[in-house]
Structure formats: C-alpha cells, structure tokens
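Read off the chains here:
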Amino acid sequence: LENAQQLVLVCGRGEEYLLREGAASLAVLRDASLVVGLDGCIKAVGQADVIRNQFSGATFERIIDCSGKCVLPGLVDAHTHPVWAGDRVHEFAMKLAGASYMEIHQAGGGIHFTVEHTRKATEEELFNTFKHRLERMRRAGSTLVECKSGYGLNLETELKMLRVIERAKQSMDIGISSTYCGAHSVPKGKTATEATDDIINNHLPKLKELKLSGEIHVNNIDVFCEKGVFDLDSTRRILQAGKEMGLQINFHGDELHPMKSAELGAELGAQAISHLEEVSDEGIMAMARAKCAAVLLPTTAYMLRLKQPQARKMLEEGVVVALGSDFNPNAYCFSMPMVMHLACVNMKMSMNEALAAATINAAYALGKSDTHGSIETGKQGDLLIINSSRWEHLIYQFGGHEALIDYVIVKGKVIYQNERCGTMSSY
C-alpha cells in the first residue's frame, strides 16, 4: 500500500492495549507506505520513500496507490450474537411502545423466541444466514469478530451453532473468536441451578471432547449474569469450570441490574466483561487493577433506552475500554463505524479513544492483541483503506461507511473492494 495520506498505526510500540493517555496520541504517519508479505503478515511500515528504496528489488502481487487516502487497522468487533434464525422486528414496535427488555422476555419474546426458531433451523440454514451477516460486517470494515452461541440452551443446538461458527472460521476470510454462551438464558422447564448443573456436567465435558478431537475450537466462555437469569453463584460456577478447561472468561455483566459481575470477573481473571451499564465504582476499580477489558455496547443502551455505560469514568480509572456491536436480533447493527460514532456522541469518548477501543483494545478483549488491532511489523495484515484524507471521517460520517471504505484487507488479501472505488467522492 503506497503513499497513504495518513497511515493510522494506532500503536507502534508493541502495546497490548491503550489506556486513556495512550489513546490521546494515536500513532499516525503521513505520506507513508506498508508492505504485507505472502504469509499475510506486515513486513514493513514507514515513510513512502524509505519503503520504496528498501523494497526496490522486490516484486509484488498487488500494489495499491493510497494517495489522498487513509489506511487503518481492520476493525475488531468484540461482542456479537450472529448465529440465529427468526428475526424479532415485531419486538422493535413493542420497545417503541414502551415495553422493557424483561417484559418482552417474560412474554415469551426476546431470547426465547430466537431459541425456538434456532432449534428448528438446519445447520445449513444457520450457516447461510451467518455467512451473509459476516459479509456485511466485513464490508463495514470488521476483520476480526467475536461470535457467540447461546440461542440453543440445549446441548444439541449449542453444538449446532458452534459447528456453524467453526465452519465459517475454516472457510471465510475473516478472523473469528468463538464463544460458548450456553448460559445465555435459563431454558424453559429448568431452574437456573438445574441449567448450571447441565452446563457443567454435560455441555462443557462434550466441548472438551470435541476440542481434543479437533472438531470444534472454542475460545471463550460467556454467561448472562443478571437478575432473573444466572445469579452470581451460578455464574461463578460456570465461568470457573470453563476456565479450568482452558477457555477465556468473557461474559455479560451488570447490564440491567447491579450484580457485582465486574468484581467477580476481576477476581476470576476474566479477559473481558461486556455491557456494564450498572457497574459499581468498586467494580470499575477492580477491573482496572485486573486489566480486565470492558466491552461497551452503545447500540444496546441506545436500542433499549438504557443509561449509557460510564465510559469516561472507566477511562479515567484506567480500565481497558473496548467496543462491540452486540449484533443480535435485539440490536441489529453490523457497523463498527456506527458503533464508534455512538460511543463518541452518547458515551462521550473521543474519536481517538473510540478507534483504539475498536482496534487494539477490542483485540485485547479477545486475547488477540499480539496479532491484531494495530499496524505493526509482524502483525497480521488486516487493513482498511478509506477514501478520505483524514481518518476521522470513518467516525464523523454516521452511516457513511458504504461510500468511505474502498478496500478491506485480511492477511494481505483484498476481501472487499468497493465497486465504485476511485469514481466517487466520499464527502
């Protein structure tokens, strides 16, 4: 990639994550180029003339002129629920009329509605819709996505969802971090204690067996720790069991009610906790000390009209703040640029903080910031080229990513090229 007006490295010194102070001065080069090798890793980053001289004898499969454009790291979506059947567009009208999340849930809607449809769907049907959703995420600039199960709530359907995620991992040009979320809700006919026992005694041993045989590779374990769903004790038992079989702890906490989820996550060594709209001050400090990432989801608070997560307080206390779209039937958003915009407007993050949260810090929340999330030599060549002379347009233009994004690149391979690339102004 040659002659970029701006090359946004995000961080250039091997940082695992950026705190508030680090995000304040993102590493940006002007008139710069970068080289990705045939192995898909970044070989060199620097001033255009220096790179030209350094590689004067090399031949390239492809050269892209980025004059007047910006190159950024591929975006990382740290929280999604993209495998399911049966949309919930009818519930949107109920929400607009004032129904709360838990009221819809108790009326047989919400997660249970999706569970019913997902159980009936074939693996092929689920894969085809999942693939389509991942393609839309890629076109919006996401090159690494966390993908959860959780609309099965029985072993058979959870495994069906995880097989679908595994198939996409093997067949699609996009990074996937897979999460077992069998404790997304308490199945009908069971108590939370019975569901917890079933997960620990049946689900997790089967996952371990499939992991050893190489059939399914799960990265994270998730629980919806919430009043009326899984309490703190059940959450602790499931997360601890997952940790003991080598899964990263990455769970839903303190969303609708203060549950002391953040304190529990810090104690258990969680990699990340999502939501945190109702987190306590003690929980924020515990997460900062434990370097446990906070995955904030501005779409969820926006759609459910909840109070926004306290992003500013978390940043000031030294928490690693990451972002996710929370794509699911309740918050139907594929676009991390729109998530960053909402984070800036509704959660009062700066554009620098939002970009760090959607790149290096989101990668850290998935345990992948050694390979993803910034433009550094040795890291995977996951990149975004936007048709603008300033990178901030990616956040500033609300919903404008379709005209802005010219190329999305994964491991040095162009996986999306805007058909109107070079013929259209993005302003």
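Residues numbered from 1 in each chain as written. Predicted model: local features only at pLDDT ≥ 70, side-chain atom pairs only at ≥ 80, totals over all residues. Heavy atoms only, no water.

- As recorded in an unreviewed UniProt entry, the chain goes by the name Probable imidazolonepropionase, listed as coming from Aptenodytes patagonicus.
- The heading Cofactor (unreviewed entry) in the UniProt record of the chain holds the text "Fe(3+)".
- Under the heading Sequence similarities (unreviewed entry), UniProt records this for the chain: "Belongs to the metallo-dependent hydrolases superfamily. HutI family." (UniProt positions renumbered as here; feature names shortened; annotations may be inferred.)

A few points about the overall build of the chain
Consideration 1: Helices and strands together make up the secondary structure of the chain, namely 18 helices and 15 strands.
Consideration 2: Against the 2.2 N^0.38 benchmark of 22 Å for 427 residues, the chain shows a C-alpha radius of gyration of 21 Å, consistent with a compact globule.
Consideration 3: The proportion of buried residues among the 427 residues of the chain is 60%.
Consideration 4: Residue pairs at least 24 apart in sequence account for 72% of intrachain contacts in the chain once pairs closer than 6 positions are excluded.
Consideration 5: In the form shown here, the chain has an accessible surface area of approximately 16500 Å², with 49% of it arising from carbon and sulfur atoms.
Consideration 6: When the 44 basic and 52 acidic side-chain charges of the chain are each reduced to a single mean position, those positions are 1 Å apart. (Helix = DSSP H or I, 4+ residues; strand = E, 2+ residues; numbered from the N terminus. Rg over C-alpha atoms; globule rule 2.2 N^0.38 Å. Buried < 20%, exposed > 50% of the residue type's maximum accessible area, 1.4 Å probe, protein only. Contact = heavy atoms within 4.5 Å. Areas by Shrake-Rupley, 256 points an atom, 1.4 Å probe, with all protein chains shown as cover. Lys, Arg positive; Asp, Glu negative; His and termini not counted. Charge placed at Lys NZ, Arg CZ, Asp CG, Glu CD.)

Quick look at the pattern of salt bridges
Consideration 1: Applying the stated criterion across every chain, the model contains 21 salt bridges.
Consideration 2: Linking R13 and E15 is a salt bridge whose minimum nitrogen-to-oxygen distance equals 3.0 Å.
Consideration 3: The closest approach of N and O atoms between E91 and R88, which form a salt bridge, is 3.0 Å.
Consideration 4: The buried category is assigned to E91, whose relative accessible area is 2%.
Consideration 5: Under the relative-accessibility criterion, R88 is labelled buried at 4%.
Consideration 6: It is possible to trace a salt-bridge network through shared partners that takes in E146, K148 and D222. (Salt bridge = Lys/Arg side-chain N within 4 Å of Asp/Glu carboxyl O.)

Let's talk about the sheet that holds strand β13 (residues 383-386)
Consideration 1: If you walk across this open sheet you meet the 7 strands as β3-β2-β1-β4-β13-β14-β15, and the pairing is mixed. Every other strand in the sheet has two partners, leaving β3 (42-47) and β15 (413-417) as the edge strands with one partner each. Ignoring strand direction, the axes of neighbouring strands in this sheet form an average angle of 35°.
Consideration 2: Pairing of strand β4 (residues 70-73) with β13, which is carried by 4 bridges, proceeds in the antiparallel orientation. Note that in β13 the partner of C70 across the bridge is I386. (Pairing = 2+ DSSP bridges. Axes fitted to C-alpha atoms, helices over the stretch in contact; angles between N-to-C directions.)

Here we look at the sheet that holds strand β5 (residues 75-77)
Consideration 1: Spatial ordering of the open sheet is given by β5-β6-β7-β8-β9-β10-β11-β12, a layout of 8 strands whose pairing is parallel. With one partner strand each, in any of the chains shown, β5 and β12 (321-323) form the two edges of the open sheet. Going from strand to strand, the sheet's axes swing by 25° on average, the running direction of each strand aside.
Consideration 2: Looking at chain direction, strand β11 (residues 293-296) and β12 are connected through 3 bridges and run parallel.

Considering the packing of helix α8 (residues 192-212) against helix α9 (residues 232-244)
Consideration 1: Close contact between α8 and α9 brings their axes to 10 Å; oriented N to C, the two are set at 5°. Judged by the angle between their axes, α8 and α9 are roughly parallel. Facing A192, T196, D197, I199, I200 and L204 of α8, the residues of α9 in contact are S234, R237, I238, A241 and G242.
Consideration 2: Broken down by class, the residue content of the contact of α8 with α9 amounts to 6 nonpolar, 3 polar and 2 charged. (Parallel < 35°, antiparallel > 145°, perpendicular 65-115°, else oblique. Nonpolar A, V, L, I, M, F, W, Y, C, P; charged D, E, K, R; others polar.)

Thoughts on the pairing of strand β1 (residues 4-10)
The side chains of a regular strand alternate, first on one face of the sheet and then on the other.
Consideration 1: Of all 7 residues that make up β1, 6 are buried, and the element is covered over most of its length.
Consideration 2: Sheet topology places β1 next to β4; 2 bridges connect them, and they run parallel. Note on β4: the bridge partner recorded for Q6 is C70.

Description of helix α10 (residues 261-268)
Consideration 1: In terms of burial, α10 is a largely internal element, 7 of the 8 residues being buried.
Consideration 2: Within α10, burial applies to S261, A262, E263, L264, G265, A266 and L268.
Consideration 3: One or two steps after α10, the chain reaches G269, where phi turns positive at roughly 75°.

Focus on the environment of T157
Consideration 1: Within the secondary structure, T157 sits in helix α7 (residues 155-171).
Consideration 2: You can call T157 buried: its relative accessible area is 2%.
Consideration 3: Distance from T157 to K120, taken between C-alpha atoms, is 9.0 Å for residues 37 residues apart in sequence.
Consideration 4: Excluding residues within four positions of it along the chain, T157 makes contact with T118, R119, Y151 and G152.

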